[in-house]
Amino acid sequence: MKNIVLIGFMGTGKTSTGKLLANRMGYSFVDTDAKIEQECQMTIKEMFAVYGELYFREREADLIRRLADGANAVVSTGGGVVLNSQNMEYLRQNGVIICLKASIDVIVERTGRRNSRPLLERENRMKAVSELLQAREALYAQADFSLDTSGITPLQAADQILEFVKRERIWRARS
Ligand code: S3P
């Protein structure tokens, strides 16, 4: 069965929703940021600081290429995965693309809880979020299905995605 690929801006709930969704579907779960951190033995934040964003983007693209042949997985991606069109081709190869969204206020609130996103380490985080969002809007719009998680829990988001994959016959519960 096809992979379920979660894309979307930082703080939209890709990791927490993805884990719950994988559990409900009986799929394996891959979080690309966590896997990069594990493979490189350093946090994304350290990687940005030591080697720069470009190095991270190369690690990210390399991992996405390796995931392209997989199946039966929920893949939660980093918010910037859409910046590379080749990434999106690989993810589509055997995947359905689902975009999680949230309002700027909610993103600022959620991403403010942990200081782990180098791209948001700016004095005016609200401005940083809105500028990046605007620059990426069209890229996130490539998804097959989008869902706003602003007022809902990760469990509710997972349920709504489950409804979509059932409706579209992308997945069905084992009887
Ligand atoms: C990034 C998002 C982060 C992480 C990196 C860059 C981005 O992932 O990949 O800090 O460019 O939007 P999350 O979306 O999981 O926070």
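Residues numbered from 1 in each chain as written. Predicted model: local features only at pLDDT ≥ 70, side-chain atom pairs only at ≥ 80, totals over all residues. Heavy atoms only, no water.

Novice: Whenever I open this one, the sheet that holds strand β4 (residues 95–101) confuses me. Can you help?
Specialist: Strands in a sheet are paired, the pairing made by backbone hydrogen bonds, and the direction either parallel or antiparallel. Strand order in the open sheet formed by five strands is β2-β3-β1-β4-β5, with parallel pairing between adjacent strands. In this open sheet, the two edge strands, each paired with only one partner strand, are β2 (28–31) and β5 (145–148). Strand-to-strand, the axes of this sheet are offset by a mean angle of 20°, without reference to chain direction. With six bridges connecting them, strand β1 (residues 3–8) and β4 associate as parallel partners. Among the inter-strand pairings, Gly8 is bridged to a residue of β4, identified as Leu100. Across the sheet, helix α5 (residues 85–93) lies against β1 and β4, angled at about 120° from β4, the strand it touches most. (Pairing = 2+ DSSP bridges. Helix = DSSP H or I, 4+ residues; strand = E, 2+ residues; numbered from the N terminus. Axes fitted to C-alpha atoms, helices over the stretch in contact; angles between N-to-C directions. Contact = heavy atoms within 4.5 Å.)

Novice: Would you mind going over the site of the ligand with me for this structure?
Specialist: The immediate surroundings of the ligand are formed by 13 residues, with Lys14, Asp33, Arg57, Arg117 and Arg136 found nearest. At 2.7 Å from an oxygen atom of the ligand is found a side-chain nitrogen or oxygen belonging to Lys14. Within the side chain of Arg136, an N or O atom sits 2.7 Å from an oxygen atom of the ligand. Within the complex, the protein chains bury 94% of what would otherwise be the 390 Å² of accessible surface of the ligand. Classifying every residue of the shell around the ligand by side-chain character gives five nonpolar, three polar and five charged. (Near = heavy atom within 4 Å. Polar contact = N/O pair within 3.5 Å; in protein donor to acceptor, adjacent residues only side chain to side chain. Areas by Shrake-Rupley, 256 points an atom, 1.4 Å probe, with all protein chains shown as cover. Nonpolar A, V, L, I, M, F, W, Y, C, P; charged D, E, K, R; others polar.)

Novice: Got a minute to help me understand the environment of Lys101 in this structure?
Specialist: Along the chain, Lys101 falls in strand β4. Since its relative accessible area comes to 37%, Lys101 is described here as partly exposed. C-alpha separation for the pair Lys101 and Thr12, spaced 89 residues apart in sequence, amounts to 5.4 Å. Apart from residues lying up to four places away in sequence, Lys101 is in contact with Thr12, Ser146, Leu147, Asp148, Thr149 and Ser150. (Buried < 20%, exposed > 50% of the residue type's maximum accessible area, 1.4 Å probe, protein only.)

Novice: Looking at this structure, I do not really get the packing of aromatic side chains. What am I missing?
Specialist: The way to describe two aromatic rings as a pair is by their centre distance and the angle between their planes. Applying the stated criterion across every chain yields a total of three aromatic pairs. Centre to centre, the rings of Tyr51 and Tyr55 are 4.5 Å apart; their planes meet at 35°, and the pair counts as tilted. Under the relative-accessibility criterion, Tyr51 is labelled partly exposed at 46%. Residue classification places Tyr55 among the partly exposed positions, given a relative accessible area of 27%. Measuring from centroid to centroid gives 4.3 Å for Phe145 and Phe164, while their planes differ by 5°, and the two rings are stacked. Taken together, the positions of Phe145 in strand β5 and Phe164 in helix α8 (residues 154–167) put the pair 19 residues apart, joining distant regions of the chain. Accessibility expressed as a relative area gives 16% for Phe145, which makes it buried. The ring of Tyr55 has Arg59 sitting right over it, with the charged end atom 4.8 Å from the ring centre. (Phe/Tyr/Trp six-rings, centres within 6.5 Å; stacked < 30°, edge-to-face > 60°. Lys NZ or Arg CZ within 6 Å of the ring centre and 35° of its normal.)

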